[in-house]
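Structure assessment
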Amino acid sequence: QVQLVESGGKLVQAGGSLRLSCVASGRTFSGYSMGWFRQAPGKEREFVTAITWSGRSTYYADSVKSRFTISRDNDRNTSYLQMNSLKPEDTAVYYCAVKLGIGGLEYQHAYEYWGQGTQVTVSS
């Protein structure tokens, strides 16, 4: 049974930093890309960032570019999301997801497995 478990979300002041983690288990994830999405209250879930299996390619939403950094440790089946210079508009539930291959990484429907999410709240 595939499981993705996010952690690291909490309340932080604007301008602060957080690092989220996503641990995947239940199968071999060789060749799988990992992505992060978020959903703010009253809004649709949106793409944040993604990284390919090799880690050589990363993708970011314009709203987080230069502030967020995605990375992964394949030995631990773990993805990390380093979030710096946080803003109140970053407040959301953050979800990690995985998909085989490298296509369509910005599209949530392309992902096969999802975590339950972790809450990030940025106070002004």
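A brief report on the enclosed structure follows. On a predicted model such as this, the values are computed, not experimentally measured, just so you know. (Residues numbered from 1 in each chain as written. Predicted model: local features only at pLDDT ≥ 70, side-chain atom pairs only at ≥ 80, totals over all residues. Heavy atoms only, no water.)

1. Remarks on the overall build of the protein chain
Tallying secondary structure elements over the protein chain gives zero helices and eleven strands in all. Starting at the N terminus and walking to the C terminus, you meet the elements of the protein chain as β-β-β-β-β-β-β-β-β-β-β. With the principal axes as the frame, the protein chain shows a C-alpha extent of 40 × 25 × 25 Å. Relative to its 124 residues, the protein chain shows a buried fraction of 42%. Carbon and sulfur atoms make up 44% of the accessible area of the protein chain, which totals about 6,500 Å². Within the protein chain, one finds 13 positive and 10 negative side-chain charges whose respective centroids are separated by 4 Å. (Helix = DSSP H or I, 4+ residues; strand = E, 2+ residues; numbered from the N terminus. Buried < 20%, exposed > 50% of the residue type's maximum accessible area, 1.4 Å probe, protein only. Areas by Shrake-Rupley, 256 points an atom, 1.4 Å probe, with all protein chains shown as cover. Lys, Arg positive; Asp, Glu negative; His and termini not counted. Charge placed at Lys NZ, Arg CZ, Asp CG, Glu CD.)

2. Quick notes on the sheet that holds strand β1 (residues 3–7)
Here we have four strands laid out as an open sheet, ordered β1-β3-β8-β7, and antiparallel in their pairing. Here the strands that pair on one side only, and so sit at the sheet edges, are β1 and β7 (68–73). Looking at each pair of strands side by side, their axes are set apart by 15° on average, direction ignored. In this structure, strand β3 (residues 18–25) lies alongside strand β8 (residues 78–83), joined through six bridges in antiparallel fashion. Note on β8: the bridge partner recorded for cysteine 22 is serine 79. (Pairing = 2+ DSSP bridges. Axes fitted to C-alpha atoms, helices over the stretch in contact; angles between N-to-C directions.)

3. A closer look at the nonpolar core
Trp36, Phe68, Leu81, Met83 and Tyr94 are the most contacted members of the largest nonpolar core, which has 32 residues in total. Listing elements by their share of this core, those giving two or more residues are β3, β4 (32–39), β5 (46–51), β7, β8, β9 (92–100) and β11 (118–123). Setting aside chain neighbours within four positions, we find methionine 83 in contact with Gly16, Ser17, Leu18, Leu20, Arg67, Phe68, Tyr94 and Val120. (Core = buried A, V, L, I, M, F, W, Y, C linked by side-chain atoms within 4.5 Å. Contact = heavy atoms within 4.5 Å.)

4. Re the pairing of β5
Counting buried positions along β5 gives five out of six residues, so the element sits mostly inside the fold. Relative to β5, β4 runs antiparallel, the two being bridged by five bridges. Across the sheet, residue phenylalanine 37 finds its bridge partner in β5, namely phenylalanine 47. As paired elements, β5 and strand β6 (residues 58–60) share three bridges and run antiparallel to each other. Paired with isoleucine 51 across the strands is threonine 58, a residue of β6.

5. Things to note about the packing of aromatic side chains
Evaluated as defined, the whole model comprises five aromatic pairs. Ring centres of phenylalanine 37 and phenylalanine 47 lie 5.6 Å apart, and the angle between their planes is 75°; this geometry places the pair in the edge-to-face category. On the criterion of sequence distance, the pair formed by phenylalanine 37 in strand β4 and phenylalanine 47 in strand β5 is long-range, its members being ten residues apart. Given a relative accessible area of 12%, phenylalanine 47 falls into the buried group. Centroid distance phenylalanine 37 to tryptophan 114: 5.1 Å. Interplanar angle 55°. Geometry classified as tilted. Of the two residues, phenylalanine 37 is situated in strand β4 and tryptophan 114 in strand β10 (residues 113–114); the sequence distance between them amounts to 77 residues. Phenylalanine 37 sits in the buried class, given a relative accessible area of 1%. (Phe/Tyr/Trp six-rings, centres within 6.5 Å; stacked < 30°, edge-to-face > 60°.)

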